[in-house]
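# A closer look at the structure
So you can see what is in the structure, the chains are spelled out below.
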Amino acid sequence: MIAAICSTVALQVRFDWNLGIEYVLVSVIVPMLWVATLSFSGAYNARYIGTGSEEFRKVLHAGFTLTAGLAILSYAINTELSREYLLLTMPTLAAADLCVRYAWRKRLHRRRATGECMSNVLAVGPESAVVDLVTELRRGSYHGLTVVAACLRESASDEVAGIPVFGGLAVDDVVDAVRRSGADTVAVLSSSELDGATLRQIAWGLEKTGTDLCVAPALLDVAGPRTSIRPIAGLTLLHVDHPQLSGPRQVLKDLFDRTAAGVALVLLSPLLITVALAIRSTGGGPALFTQTRVGKDGRPFKIYKFRTMVVDAEKLLAELRAVNEHDGVLFKMRRDPRITVVGARLRKWSLDELPQLFNVLLGEMSLVGPRPALPDEAARYADLVRRRLVVRPGLTGLWQVSGRSDLSWDEGVRLDLRYVENWSFALDLQILWKTFSVIFKGAGAY
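Residues numbered from 1 in each chain as written. Predicted model: local features only at pLDDT ≥ 70, side-chain atom pairs only at ≥ 80, totals over all residues. Heavy atoms only, no water.

### Description of the overall build of the protein chain
Counting secondary structure elements, the protein chain contains 16 helices and 12 strands. Counting the 446 residues in the protein chain, one finds 40% classified as buried. Pairs at least 24 residues apart make up 67% of the contacts formed inside the protein chain by residues separated by at least 6 positions. Accessible surface, the protein chain: about 24800 Å² in total, of which carbon and sulfur atoms supply 61%. (Helix = DSSP H or I, 4+ residues; strand = E, 2+ residues; numbered from the N terminus. Buried < 20%, exposed > 50% of the residue type's maximum accessible area, 1.4 Å probe, protein only. Contact = heavy atoms within 4.5 Å. Areas by Shrake-Rupley, 256 points an atom, 1.4 Å probe, with all protein chains shown as cover.)

Structure representation (C-alpha cells):
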C-alpha cells in the first residue's frame with residue numbers, strides 16, 4: 001500500500017500524468033519489487049519486528065538495494081528511466097515505510113505492556129543466570145519475551161523468581177518442559193554443563209516441535225556490531241572486536257557534540273536567560289551552580305548547572321546522609337528539603353542540565369555518555385566501575401533514558417558499562433531521540 005501510494009505520487013509530481021505506458025508499468029511493478037526486496041532483506045522476519053534499529057536498518061538496506069538494482073537494470077537494457085522519478089520514489093518510499101513501522105512499533109509496545117503479543121520463553125541454565133534473564137525481561141516488556149518456565153542445573157525448589165521449574169538440563173527434560181509450558185522459544189544460558197554435544201541434541205529435539213532456540217554467550221552486554229561468527233577448522237568461534245574508544249569515529253563524535261552544543265546554546269539562549277532570571281528572582285543567590293566532577297580518564301573538571309537548591313546545600317548534605325533513599329554511592333531523596341520551588345520544576349523537565357552544553361562545547365563532556373561522577377563517588381569505585389571513566393561523561397545516557405533516579409546503583413552502572421562497551425554513533429543518536437521522550441514524561445527526576 002505504501003509503495004503504491006509513493007510511486008503514484010511520484011508520477012503525478014514528476015510527469016503531471018503526462019507519461020507513457022512504461023511508467024505506468026513501472027509504478028505497478030515497484031510495489032511488488034519493494035515487498036520482495038524487504039522480504040529478502042529480512043524486514044518481515046518476526047524476530048526483528050518491533051526491535052527498532054535492526055528493523056529500520058533492514059528497511060534502509062532494502063531501499064538502497066532496490067534503487068541500485070533499478071538503476072543498473074535501466075542501464076543494462078538501455079531504458080531511459082527518469083532519474084527524477086527514481087529519486088522521488090525510492091527515498092520517499094523508504095521514509096514512509098520507516099514512519100509507518102515506527103508508529104506500529106509504538107502500538108506493539110503498548111500492547112506488550114498489557115501482556116499481549118508476547119513470546120513465551122523457557123529458560124535453561126544456572127539458577128543465577130535464569131534470575132537475571134527474568135529480571136531483565138520483566139523490566140522491559142517491549143522486548144516481547146516473557147519467561148514462563150525454567151530448566152535448572154540444580155534447584156531445591158519448584159520455582160525460581162516466581163517461575164515454575166520443570167526439570168534439569170537433560171534433553172528430554174527441556175523438550176518435555178516446552179510441551180508443558182507452551183513455550184515457543186528456548187533460551188539456553190551459559191553453563192559449563194551445556195557443551196556442544198548437549199546443545200546439538202537440544203536443537204534436534206526442538207526441531208521436531210518448531211520451537212526457536214536462542215543461545216546466550218558467556219560474554220554479556222556486548223552488542224551485535226562488535227561480534228561476528230568466524231568458522232575455523234570446523235569450529236564456530238565468536239569474534240569480539242574491541243570497543244571503538246579512539247580513532248576517526250571518536251573524532252566525528254567530538255565534532256558532532258561541539259557543533260550541536262554550539263547550535264543549541266544559540267537557539268536556547270532566550271530560555272537560558274529566562275531560567276536564570278527566575279532563579280535570581282526567588283531567594284537571591286547565583287543562577288549557576290558549579291561543582292567538581294570526574295571526567296574522562298579520571299581528570300577533574302568544573303560542571304555547570306542551574307542552581308536548584310538553597311545556597312548552602314552542600315553544607316546541609318552531611319545532615320541528610322542518614323536518610324539517603326538510593327543504594328550504592330549516590331545520594332538521592334525524592335523530597336530533598338534543599339530543593340527550591342523553582343528548582344523542583346527545573347529538575348522535572350531537566351532544564352537544570354542545560355548549562356552543561358558549555359562543558360560539551362569545551363570538550364569536557366559529551367552529549368551522550370555515562371553520568372559525570374563526584375570525586376568522592378569515583379574514589380569509591382571498584383575496578384569494574386572505573387571502566388566507565390574511559391569515555392567522557394554525558395549530558396544524557398543509557399542510565400537517563402532507562403529510568404534515571406528510579407534505577408538502582410548496580411543497574412545504572414551496568415547500563416553505563418554497556419554504553420562504553422557498545423558505543424556507536426547510531427547508539428548516540430538513538431539515546432538522544434529517547435531523551436526527549438523521557439524529559440517530556442518527567443519520570444525518575446528528583
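Once the structure has been displayed, the description carries forward.
### Some thoughts on the confidence of the model for the protein chain
Low pLDDT means the predicted atomic positions in that stretch should not be read closely. Taken residue by residue, the protein chain gives an average pLDDT of 81. The fraction at 70 or more is 81%. Model confidence for the protein chain, summarised as mean pLDDT per element, is weakest for helix H10 (residues 313-320) at 61 and strongest for helix H12 (residues 356-361) at 96. (pLDDT = per-residue confidence, 0-100.)

### Observations regarding helix H5 (residues 127-139)
Helix length check: H5 (13 residues) gives 18 Å between terminal C-alpha atoms against 18 Å at 1.5 Å per residue, within 8%. Every buried residue of H5 is listed here: Ala-129, Val-130, Leu-133, Val-134 and Leu-137. End-on view of H5: buried residues confined to an arc of 135°, all on one side of the axis. Set apart from the buried face of H5 by more than 90 degrees, the exposed residues are Ser-128, Asp-132 and Arg-138. (Expected span 1.5 Å × (residues − 1). Arc of directions from axis to C-beta.)

### Considering the packing of helix H6 (residues 171-181) against helix H7 (residues 196-207)
Two quantities define a packed helix pair, namely the angle between the axes and the distance from one axis to the other. One way to put it is that H6 packs onto H7 with a least axis distance of 9 Å and a crossing angle of 35°. The interaxial crossing formed by H6 with H7 has right-handed handedness. Residues Val-171, Val-174, Val-175 and Val-178 of H6 form the contact with H7, whose participating residues are Thr-198, Gln-201, Ile-202, Gly-205 and Leu-206. Tallied by class, residues from the contact of H6 with H7 come to 6 nonpolar, 3 polar and no charged. (Axes fitted to C-alpha atoms, helices over the stretch in contact; angles between N-to-C directions. Left-handed = near helix turned anticlockwise from the far one by under 90°. Nonpolar A, V, L, I, M, F, W, Y, C, P; charged D, E, K, R; others polar.)

### Points about the nonpolar core
Counting residues in hydrophobic clusters, the biggest one holds 26 residues, and the most contacted among them are Ile-279, Phe-306, Leu-357, Leu-398, Tyr-419 and Ile-431. Sort the elements by how many residues they give to this core and helix H9 (residues 269-280) lands first, with 4 residues. Not counting residues within four places of it along the chain, the set of residues in contact with Ile-279 comprises Gly-284, Pro-286, Ala-287, Phe-306, Arg-307, Val-342 and Leu-346. If you look at the next biggest cluster of nonpolar residues, it comprises 16 residues, including Cys-151, Leu-169, Ala-177 and Leu-206. (Core = buried A, V, L, I, M, F, W, Y, C linked by side-chain atoms within 4.5 Å.)

### Structural notes on the pattern of salt bridges
This structure, assessed with the given rule, holds 17 salt bridges. The salt bridge partner of Arg-179 is Asp-176, with a shortest N-O separation of 2.3 Å. Pair noted here: Arg-179 and Asp-176 are both in helix H6, with a separation of 3 residues, about one helical turn. We classify Asp-176 as partly exposed; its relative accessible area is 26%. Notably, a salt bridge pairs Glu-377 with Arg-371, separated by 3.0 Å at the nearest N-O pair. No difference in accessibility class separates Glu-377 from Arg-371, as the two residues are buried. (Salt bridge = Lys/Arg side-chain N within 4 Å of Asp/Glu carboxyl O.)

### Considering the sheet that holds strand E5 (residues 185-188)
Strands pair in a sheet through their backbones, by hydrogen bonds, and they do so in one of two ways: parallel or antiparallel. The 4 strands lie next to each other as E2-E1-E5-E6, forming an open sheet whose pairing is parallel. Bordering the open sheet on either side are strand E2 (145-152) and strand E6 (212-215), each of which pairs with just one other strand. Taken pair by pair, the neighbouring strands of this sheet meet at an average axis angle of 25°, ignoring direction. Looking at chain direction, strand E1 (residues 119-125) and E2 are connected through 7 bridges and run parallel. Bridging from a neighbouring strand, Val-124 pairs with Cys-151 of E2. Lying on the sheet, H5 is in contact with E1, E2 and E5; it crosses E2 at an angle near 170°. The strands that H7 touches are E5 and E6; relative to E6, the one it contacts most, it runs at about 160°. (Pairing = 2+ DSSP bridges.)

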